[in-house]
Amino acid sequence: KSRYGSEPFGQGCLLARRLIERNVRSVEVSFGGWDTHQNNFTSLPELCHTMDQAVAALLDDLERVGKLNDTVVVLTTEFGRTPQINQNVGRDHYPQAFTSVLAGGGFKGGYIHGKTSDGAEEVVEGSMTIPDFNATIAYALGIPVDYVLYSPTVRPFTVVEKLSNLIQVCCLRKGEVDRFAMTSNHRNPHSCCSHFDIGIQNFVCFIDQFHFLFGIS
């Protein structure tokens, strides 16, 4: 229990792991406080410590109980933070470049995809768009990216509207951890998986202000 930390996020990750071990289909654990428009350098070290401790413990335990290979873990957000510091010693919204992590679920370990400029102002190599990223998750889960879902108002949706580079999607397979340099003009990079009978048993996702979402077939 102490390995996850005493913060609500850490204890939420511990509870989520226990629920996943018991084959609960969907679990969400939220972690806010990342909107550091002011006092970035005061709050960020504490936030990162809380997240690093909890996520590391979760991944270790999922591997220990034999669930990691059957679980897609996604750590991402809707945008990054400005490389420049504002007048309030903070960092503002910045969609041009940010980093995401994928673990478990058959992704190859130790792979770094993409590169930003020296000052992290832009992605200069291997840009991964939001559609590409969502398609990568869908591919790992065995979900057809062109599968049509219907809203309660019978509006059709697909998992991914369009792909800018299908090769980026298909090359990321088999292993444990991947990291991407991303760029986005979208505010809500959510993906759909709950309506599918998926091959991978679990789905873990950090989205927006760092949320976990688990799904099990």
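Residues numbered from 1 in each chain as written. Predicted model: local features only at pLDDT ≥ 70, side-chain atom pairs only at ≥ 80, totals over all residues. Heavy atoms only, no water.

Focus on the overall build of the protein chain
To keep things clear, this is the line we draw: We count a stretch as a helix when DSSP gives it H or I for four or more residues in a row; a strand needs E for two or more, and each element gets its number in order from the N terminus. Note on exposure labels: buried denotes an accessible area under 20% of the residue type's maximum, exposed denotes more than 50%, and partly exposed covers the range between, all computed with a 1.4 Å probe on protein chains only. Here, residues are in contact when the closest pair of their heavy atoms is within 4.5 Å. Surface accessibility follows the Shrake-Rupley procedure with a 1.4 Å probe radius. Residue values consider only the protein chains on display as shielding.
Regarding its fold elements, the protein chain presents four helices and 13 strands. Split into buried and exposed, the 217 residues of the protein chain put 44% on the buried side. Summarising the internal contacts of the protein chain: among those between residues at least 6 apart in sequence, 72% fall at separations of at least 24. When the accessible surface of the protein chain is summed, it comes to about 11200 Å², and 51% of that surface belongs to carbon and sulfur atoms.

Some remarks on the confidence of the model for the protein chain
Applicable threshold: Each residue carries a pLDDT score, the predictor's own confidence in it, on a scale running from 0 to 100.
Taken as a whole, the protein chain shows an average pLDDT of 75; of its residues, 73% reach a score of 70 or greater. Across residues 173-180, confidence stays below pLDDT 50; counting only partners more than four residues off in sequence or on other chains, it has 53 contacts. Considering only residues more than four positions removed or in separate chains, one finds that residues 182-202, a stretch of pLDDT under 50, has 79 contacts.

Examining the nonpolar core
The condition is simple: The set of buried Ala, Val, Leu, Ile, Met, Phe, Trp, Tyr and Cys residues whose side-chain atoms join them within 4.5 Å is what this entry labels a nonpolar core.
In terms of nonpolar packing, the biggest core is built from 20 residues, with Tyr4, Phe9, Phe31 and Met51 touching the most fellow members. Among the elements of the structure, helix 1 (8-21), strand 1 (27-30), helix 2 (40-64) and strand 2 (71-75) are those that each provide at least two residues to this core. In this structure, Val74, Phe107, Ile137 and Val159 belong to the second largest nonpolar core, which totals 14 residues.

Notes on the packing of aromatic side chains
In this description, an aromatic ring pair is defined by two values, namely the gap between the centres and the angle between the planes. Selection rule: Aromatic rings from Phe, Tyr and Trp, taking only the six-membered ring of Trp, are treated as a pair when their centres fall within 6.5 Å; an angle between ring planes under 30 degrees marks them as stacked, one over 60 as edge-to-face, and anything in between as tilted.
Evaluation of the coordinates by the stated rule reveals two aromatic pairs. Measuring from ring centre to ring centre gives 4.4 Å for Phe9 and Phe31, while their planes differ by 20°; the resulting arrangement is stacked. You can see Phe9 sitting in helix 1 and its partner Phe31 sitting in the loop between strand 1 and helix 2, a full 22 residues away along the chain. Residue Phe31 is classed as buried on the basis of its relative accessible area of 10%. Taking the centre distance of 5.4 Å and the plane angle of 80° together, the rings of Phe31 and Trp34 count as edge-to-face.

Thoughts on the environment of Asp92
Put simply, the test is: We define a polar contact as two N or O atoms separated by no more than 3.5 Å, with the added condition that, inside protein, one atom must be a possible hydrogen donor and the other a possible acceptor, whereas residues neighbouring each other in sequence contribute only through side-chain atom pairs.
By secondary structure assignment, the location of Asp92 is in the loop between strand 3 (80-81) and strand 4 (93-94). For the pair Asp92 and Asp35, spaced 57 residues apart in sequence, the C-alpha to C-alpha distance is 7.7 Å. Apart from residues lying up to four places away in sequence, Asp92 is in contact with His37, Gly80, Arg81, Thr82 and Asn86. Within the local environment of Asp92, its side chain forms a polar contact with the side chain of His37, the two groups lying 2.7 Å apart.

Some points on the pattern of salt bridges
Under the convention used in this document: Put simply, a salt bridge is a Lys or Arg side-chain nitrogen that is within 4 Å of an Asp or Glu carboxyl oxygen.
Counted by the stated rule, this structure contains five salt bridges. A salt bridge links Glu21 to Arg17, with the shortest nitrogen-to-oxygen separation between them at 3.0 Å. Highlighted residues: Glu21 and Arg17, both in helix 1, separated by four residues, approximately one helical turn. Here Arg17 falls in the buried class, since its relative accessible area comes to 11%. Put simply, Arg64 and Asp61 hold a salt bridge, and the shortest N to O gap is 3.5 Å. Taken together, the residues span about one helical turn, with Arg64 and Asp61 both in helix 2 at a distance of three residues. Of the residues examined, Arg64 reaches a relative accessible area of 57% and is grouped as exposed. Through salt bridges that share partners, Arg3, Arg17, Glu21, Asp61 and Arg64 make up one connected network.

Observations concerning the pairing of strand 5 (residues 98-104)
For clarity, the threshold we go by: Two strands pair under a simple rule: DSSP has to find at least two bridges between them.
Strand 5 sits mainly inside the fold: five of its seven residues count as buried. Where strand 2 lies against strand 5, four bridges are found, and the strand directions are antiparallel. If you follow Val73 over to strand 5, its bridge partner there is Ala103.

Notes on helix 2
Our working rule: Working rule for helices: expected span equals 1.5 Å times residues minus one.
Between its terminal C-alpha atoms helix 2 stretches 35 Å, which fits the 36 Å expected from 25 residues at 1.5 Å a residue. Among the residues of helix 2, Asn40, Leu47, Thr50, Met51, Ala54, Val55, Ala57, Leu58, Asp61 and Leu62 are the ones counted as buried. Just downstream of helix 2, Gly66 is the residue with a positive phi angle, here 80°.

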